[in-house]
Amino acid sequence: MEQGPLLKVENLSKAFGGVQAVLNVSFALKKGDILGIIGPNGSGKTTLANLTTGFVKPDRGTVRFKARDITGAPPHKIANLGLTRTFQVMRPYHSLSAYKNLIVPLNSPRVRQTRGGKLGDTDAVAIDILEEIGFERDARVPYKIAGSLPLGYLKRLELGRCFALNPEVIICDEIFSGLSMSEITSMIPLLERIQMDGVTLVMIEHRLRELFRLADRVIVMNFGQKIAEGIPLEVMEDPEVKKAYLGRERA
Amino acid sequence: MDRSIKVRTEGLYALSSWTEMLYLILPRALLIVGLLTLPLLLDMYWQRVLCAAGIYALLALGFDLLAEYVGLVCLGGAFFIGSGGYISGLLNAHLGWSALFCIPIATLGGAIFSTLVLIPALRLRGIYFAIISFMFPMFARYIIIALSIFGGTEGISALGTLPNVWTEIYLILVVVIIALFAIRRLVNEDIGLILRGIKDNDQAVKASGINITSYKIKAVFIASLLGSFGGAYLSHLYGWLGISLFAMDFSILPIAASVMGGMGTLAGPVLGAFALTPLSEALRGFGQLRVVIYCFILIGFIVYKPEGLLNYFQRKYHQFELWETV
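None of the values given here were measured: they were computed from a predicted structure. (Residues numbered from 1 in each chain as written. Chains lettered and ligands numbered in written order. Predicted model: local features only at pLDDT ≥ 70, side-chain atom pairs only at ≥ 80, totals over all residues. Heavy atoms only, no water.)

K.L.:
Quick question: what am I supposed to make of the overall build of chain A here?
P.N.:
Helix and strand counts for chain A come out as 11 helices and 10 strands. Over its C-alpha trace chain A gives a radius of gyration of 18 Å, about what one expects of a compact globule, namely 18 Å for 251 residues. Taking all 251 residues of chain A together, the buried fraction comes to 55%. Counted over contacts in chain A with a minimum sequence separation of 6, partners at least 24 positions apart contribute 66%. Here chain A has roughly 11100 Å² of accessible surface; of this, 51% comes from carbon and sulfur atoms. (Helix = DSSP H or I, 4+ residues; strand = E, 2+ residues; numbered from the N terminus. Rg over C-alpha atoms; globule rule 2.2 N^0.38 Å. Buried < 20%, exposed > 50% of the residue type's maximum accessible area, 1.4 Å probe, protein only. Contact = heavy atoms within 4.5 Å. Areas by Shrake-Rupley, 256 points an atom, 1.4 Å probe, with all protein chains shown as cover.)

K.L.:
What is the right way to look at the overall build of chain B in this model?
P.N.:
Looking only at helices and strands, one finds 14 helices and two strands in chain B. Relative to the 2.2 N^0.38 estimate, which gives 20 Å for 326 residues, the radius of gyration of chain B is 21 Å and therefore close to what a compact globule would have. Across the 326 residues in chain B, those meeting the buried criterion constitute 49%. Once local pairs closer than 6 in sequence are excluded, the contacts in chain B between residues at least 24 apart make up 79%. Carbon and sulfur atoms make up 70% of the accessible area of chain B, which amounts to about 15500 Å² in all. Where the 20 positive side-chain charges of chain B centre and where its 17 negative ones centre are 6 Å apart. (Lys, Arg positive; Asp, Glu negative; His and termini not counted. Charge placed at Lys NZ, Arg CZ, Asp CG, Glu CD.)

K.L.:
I would appreciate a short explanation of the pairing of strand β2 (residues 19-29) of chain A in the present structure.
P.N.:
Within a regular beta strand, the side chains point alternately toward one face of the sheet and then the other, so they alternate between its two faces. Residue and element names in this part refer to chain A. Bridge analysis of strand β1 (residues 7-16) against β2 gives seven bridges, and the strand direction is antiparallel. Residue A15 lies in a different strand from β2, and its bridge partner there is Q20. Hairpin connection from β1 to β2: two residues lie between these consecutive antiparallel strands, with G17 at a positive phi of about 60 degrees. (Pairing = 2+ DSSP bridges.)

K.L.:
Where do I start with the interface of chain A and chain B in this structure?
P.N.:
Counting residues at the interface gives 30 residues for chain A, matched by 22 residues for chain B. Around 2300 Å² of area is buried between chain A and chain B when both sides are counted, 57% of it from carbon and sulfur atoms. The interface formed by chain A and chain B contains zero salt bridges. Where chain A meets chain B, there are 10 residue pairs in polar contact (both at pLDDT 80 or more). The dominant element in the side of chain A that touches chain B, judged by the number of residues it contributes, is helix α2 (residues 75-81) of chain A, at four residues. For the side of chain A that touches chain B, the per-class residue count stands at 15 nonpolar, eight polar and seven charged. (Buried area = accessible area lost by both parts, 1.4 Å probe. Salt bridge = Lys/Arg side-chain N within 4 Å of Asp/Glu carboxyl O. Polar contact = N/O pair within 3.5 Å; in protein donor to acceptor, adjacent residues only side chain to side chain. Nonpolar A, V, L, I, M, F, W, Y, C, P; charged D, E, K, R; others polar.)

As structure tokens, then:
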């Protein structure tokens, strides 16, 4: 049976003053997909995430999530529907300990609903989620102040904050950036497991090799426009994409 | 012991021995007993000053809650005082209700009113919210003067007062103590954690599906409850209401008290208010120049002791715990 798309973005456009950050971008996302979004710096990838999750209101175009028009809805409402995101710049709630960071999403209306209004001991739930997300190796870490955690844990914490919402789609904004190879290799199985749990992933990335291990499909953006879409390796053969990444002569 | 078990029971360790428990209870008990016995040692005049200090303590507590736990620097303390004071005074003057009945109504009414007025400003952050909230007391003051409503510049005198001097003193002191411990508890509950999250990173709170405006409204409501109670109490303490309920002192002194006592400690600002108000009373002869003196105290603490007194003493006290005689 053919399923309708979980997330459908049509002709999304946004200009900041004279800069056309995103222009007529459309894409669709099926349940269980891992979609990669790549492109050079400043090509509008993060703006696209901001537009989709309601942090920035689009000038034109529509965003439909589960056949429901969410264009211009406030971010917390969109998150409560099950579409959430991580941020490129890791800013945890630095005055709280790591597991207390998860208390925030655990108090959202969405989690209250899915758990039947009863959470019981939120601290215990938070620690369970942190263990799932990869904090189990060192028992002291979940209790440390989030501001003191190393980057690898912050990325996991950011993912955990999304995962705690029990979401259907997570948009990961450069979750690999700044991580070492070994940290990335432990992050990949984690993302795969999250996807196995039925979460659809959109990954905005610069680390192409790692992304291609995960993504089923990629979108390439340049100057705010979508220049290619398809299976990773085929897309990289596209002359437009080569031009965007390597410049005209090399391509 | 297994390390993870140790970590999880960290909060419980003190219960294992009497000395540890005593060590934790001592500063708290000292504060409560100290505040409750203080009136017995003072004469009539300084008892009044203590009552005023209690009002400032409530404002400082509210200021600290909003500034350090929500990220809203609120300079609208005078607005909370004014709303509570006017509502309570007017109810008493026009409907003849007793002071003890007017105060709770005005606390709630004043808090609802000031929260509603501040809602449009809640989108602003940092200095912008501070400026807008600072504007409201002046705004209210000039409306009352220009329209000559609620007694205009004269105010309304001969309001009902509280039954006797002991009710006056202990009402405010008990409220201060309850408010302090309630808010200390609140900031570690889930709602408090969400508020602290909003201060640290409001974008992430939004992405977590939480409506930050509704939580900010709740926080402002709690802070204005404290202020409105102070105002309502004040109008019955002096049996008078007037535009000086919107005086700048109510907005400025709590900041000085918070900085002096230690921002974010909650108990610090309360103690700061109990130290600064008698000082400002002793300097009454200087009139409006007192604001300048607050500013000097503020600058002095920011430069020389930015952590504030309570953080400093807390550190010394914890060092004392590890003291060993050789």
